[in-house]
Amino acid sequence: MKRETREEYKNLPLGNYHLCLDRLEDRWIFHSEDDYRMGMAGVALSVLKFGVNIYAFELMPNHTHIILNGTGEQCMKVFSFLKRRLSEMLLKNGRRPMPPDYGCKLIPILDDDTLRAQILYCVRNPYEKDYCGPGGHKWGSGYLYFNELAAVIRGTPASTFSKAALRKIAGSDDLLPPEWEIHPVLGILPCNYIKARAVEELFGSAKEYHTCLVKEYETAVKIARSLDEEVEFSQKEIKEIANTELRNSYPGRLFKTITQEEKCLVAVRLHEQLGLSSLQLSQALYLSELTITQAIRSKDYGFK
């Protein structure tokens, strides 16, 4: 991470941000439930130590997404704190620490529409990787929103633990608020500090939230590109995307009446907008991979 980038981030004003810790391409950060519990504790301690507000976060095996409110300086303190803790955790477990140049991206969120989109992208990550259903990942905050079961996932108040026990759970001597609850499997529960009600107010209803979570493909791709990540679509999703684009482009037309040239126009648009490959599109549009490749490369279809 360049020093100039770090200083630029530190000078950003109070606001909402997407803090994305870089992914480790060749290995994982979290290898066990103990590792994930330590990661959960790190996010919780960030709220106490640096005064940020967190709307959503997800711990992935080799990176982390956090949607938070604070100044740029506060956000970078959160990053440095998590990097140090995770590096110490890896060393303790006999693994290589974080690389010296390990960095992050800090994306400013300027309005409520963008905040909605960034929260969806964050929470969608485990679902997209096929770890679980939407909002079903236990190492993050996704299960808190519009979920009646979240209210019964409770723990034991921190006030009932000894200092030694809390030090082991949190991996720190920092005191936890006595009312914060600690779950025997999940560790320090995110319901202690996540602004779940504010997230729900952004969407208004459970139906709108879940529909957006699994359907806003183009927005997810745009955010992924800004983070140098890729969105992984299943073949079923690609077929649904292609059929939706065909219906929107040629309303009232049956699939069998749409010409090869018209399908190629749709293929080129989806390749440009979503980064879908010729092979993926060929299976969804029932065209040969070679035909779609030629269309993508051809100036006649408007792709440059």
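Look up a bit, the structure's there.
This write-up is about the structure you can find in this document. Per-chain numbering applies: the sequence of each chain, read as written, is numbered from 1 onward. The predicted origin of the model limits local features to residues at a pLDDT of at least 70 and limits the giving and counting of side-chain atom pairs to 80 or more, whereas totals for whole chains, interfaces and linings rest on all residues. Calculated side-chain values reflect all of the structure's heavy atoms, with hydrogen atoms and water omitted.

1. A look at the layout of surface pockets
Stated formally: Whether a set of points on the 1 Å grid over the protein atoms alone is a cavity depends on a 1.4 Å probe fitting there but being unable to get out, while an open set qualifies as a pocket with protein on both sides within 12 Å along at least five of seven lines; lining residues are those with an atom within 4 Å of a point. Grid points are joined across faces, edges and corners, and a volume is the space filled by probe spheres set on the points. Strands here mean DSSP runs of E at least two residues long; helices mean DSSP runs of H or I at least four residues long; both are numbered from the N terminus. Polar here means any residue outside two lists: the nonpolar Ala, Val, Leu, Ile, Met, Phe, Trp, Tyr, Cys and Pro, and the charged Asp, Glu, Lys and Arg; Gly therefore counts as polar.
Counted as a void, the largest pocket has a volume near 620 Å³. Forming the walls of the largest pocket are 25 residues, and the residues nearest its centre are Asp-34, Met-38, Lys-168, Ile-169 and Gly-171. Secondary-structure elements contributing two or more residues to the lining of the largest pocket are helix 2 (33–50), helix 3 (72–92), helix 5 (163–170) and strand 6 (181–183). Among the elements that line the lining of the largest pocket, the one with the most residues is helix 3, at 6 residues. Of the residues belonging to the lining of the largest pocket, the class tally is 8 nonpolar, 7 polar and 10 charged.

2. A look at the pattern of salt bridges
Let me state the cut-off plainly: When a carboxyl oxygen of Asp or Glu is within 4 Å of a side-chain nitrogen of Lys or Arg, the pair counts as a salt bridge. Only protein chains enter the accessibility calculation, which uses a 1.4 Å probe; a residue whose area is less than 20% of its type maximum is buried, one above 50% is exposed, and one in between is partly exposed.
In the structure shown here, the tally under the stated rule is 18 salt bridges. Among the salt bridges present, the one from Glu-240 reaches Lys-215, with a minimum N-O distance of 2.3 Å. Here Lys-215 lies in helix 7 (residues 206–215) and Glu-240 lies in helix 9 (residues 235–249), a separation of 25 residues in the sequence. With a closest N to O distance of 2.8 Å, Arg-253 and Glu-262 form a salt bridge. The buried category is assigned to Glu-262, whose relative accessible area is 18%. The structure contains a network of salt bridges with shared partners spanning Glu-33, Asp-34, Arg-37 and Lys-138.

3. A short note on the pairing of strand 1 (residues 15–21)
Our working definition: By the convention used here, strands pair only if DSSP detects at least 2 bridges between them.
Among the 7 residues in strand 1, 7 count as buried, and that is most of the element. Note: strand 1 against strand 3 (residues 63–70), 7 bridges, orientation antiparallel. In the strand pairing of strand 3, Tyr-17 is matched with Leu-68.

4. Considering the sheet that holds strand 3
In plain terms, the rule: Interaxial angle, 0 to 180 degrees, is taken between N-to-C directions of lines fitted to C-alpha atoms, where a helix line uses only the stretch in contact. Any pair of residues with heavy atoms lying within 4.5 Å of one another is described as a contacting pair.
Spatially, 2-3-1-4 is the arrangement adopted by the 4 strands of the open sheet, whose pairing is antiparallel. In this open sheet, the two edge strands, each paired with only one partner strand, are strand 2 (53–60) and strand 4 (104–109). For this sheet the average axis-to-axis angle between neighbouring strands, irrespective of direction, equals 15 degrees. Where strand 2 lies against strand 3, 7 bridges are found, and the strand directions are antiparallel. When the sheet's bridge partners are listed, Asn-53 is paired in strand 3 with Asn-69. Relative to strand 2, helix 4 (residues 112–128) is tilted by about 30 degrees, and along the sheet it contacts strand 1, strand 2, strand 3 and strand 4.

5. Let's talk about the environment of Pro-134
Mapped onto the elements, Pro-134 comes out in the loop between helix 4 and strand 5 (156–157). Taking the relative accessible area as the measure of exposure, Pro-134 reaches 35% and is therefore partly exposed. Placed 28 residues apart in sequence, Pro-134 and Leu-106 show a C-alpha to C-alpha distance of 25 Å. For Pro-134, the contacting residues outside a window of four places in its chain are Tyr-127, His-210, Leu-213 and Val-214.

6. Describing the state of the cysteines
Note the following rule: Pairs of cysteine sulfur atoms within 2.5 Å are identified as disulfides in what follows.
Enumeration according to the criterion identifies 0 disulfides in this entry. A disulfide-free cysteine, Cys-75 has its sulfur positioned 8.9 Å from the sulfur of Cys-104, the nearest such atom. Looking at Cys-104, it has no disulfide partner, and the nearest cysteine sulfur is the one in Cys-20, 8.4 Å off. Judged by relative accessible area, which is 5%, Cys-104 ranks as buried.

7. Quick word on the packing of helix 10 (residues 260–274) against helix 12 (residues 289–297)
For the record, the criterion: Throughout, the term roughly parallel applies to angles under 35 degrees, roughly antiparallel to angles over 145, roughly perpendicular to angles from 65 to 115, and oblique to all others. When the near helix sits turned anticlockwise from the far one by under a right angle, the crossing is termed left-handed; a clockwise turn instead gives a right-handed crossing.
Axis separation between helix 10 and helix 12 bottoms out at 9 Å; the angle between their running directions is 65 degrees. As judged from the angle between their axes, helix 10 and helix 12 are roughly perpendicular. For the pair helix 10 and helix 12, the sense of crossing is right-handed. Where helix 10 abuts helix 12, its residues Gln-260, Cys-264, Ala-267, Val-268 and His-271 lie against Thr-291, Ile-292, Ala-295 and Ile-296. Looking at side-chain class alone, the contact of helix 10 with helix 12 contains 6 nonpolar, 3 polar and no charged residues.

8. Observations regarding the environment of Ile-292
Counting through the fold element by element, Ile-292 comes out in helix 12. Using a relative accessible area of 0% as the deciding quantity, one classes Ile-292 as buried. On a C-alpha basis, the gap between Ile-292 and Gly-103 in space is 38 Å, while along the polypeptide they are 189 residues apart. Once residues within four sequence positions are removed from consideration, Ile-292 is found in contact with Ala-267, Ser-278, Leu-281, Ser-282 and Leu-287.

9. Overview of the packing of aromatic side chains
For clarity, the threshold we go by: Centres within 6.5 Å make a pair out of two Phe, Tyr or Trp rings, where for Trp the six-membered ring is used; the pair is then stacked when the planes are under 30 degrees apart, edge-to-face when over 60, and tilted otherwise.
Per the stated rule, a full pass over the model turns up 11 aromatic pairs. Geometrically, the ring pair formed by Phe-146 and Tyr-209 is tilted, given 5.4 Å between the ring centres and 35 degrees between the ring planes. Placement of the pair is Phe-146 in the loop between helix 4 and strand 5 and Tyr-209 in helix 7, with a sequence separation of 63 residues. Exposure remark for Phe-146: the relative accessible area of 23% places this residue in the partly exposed category.

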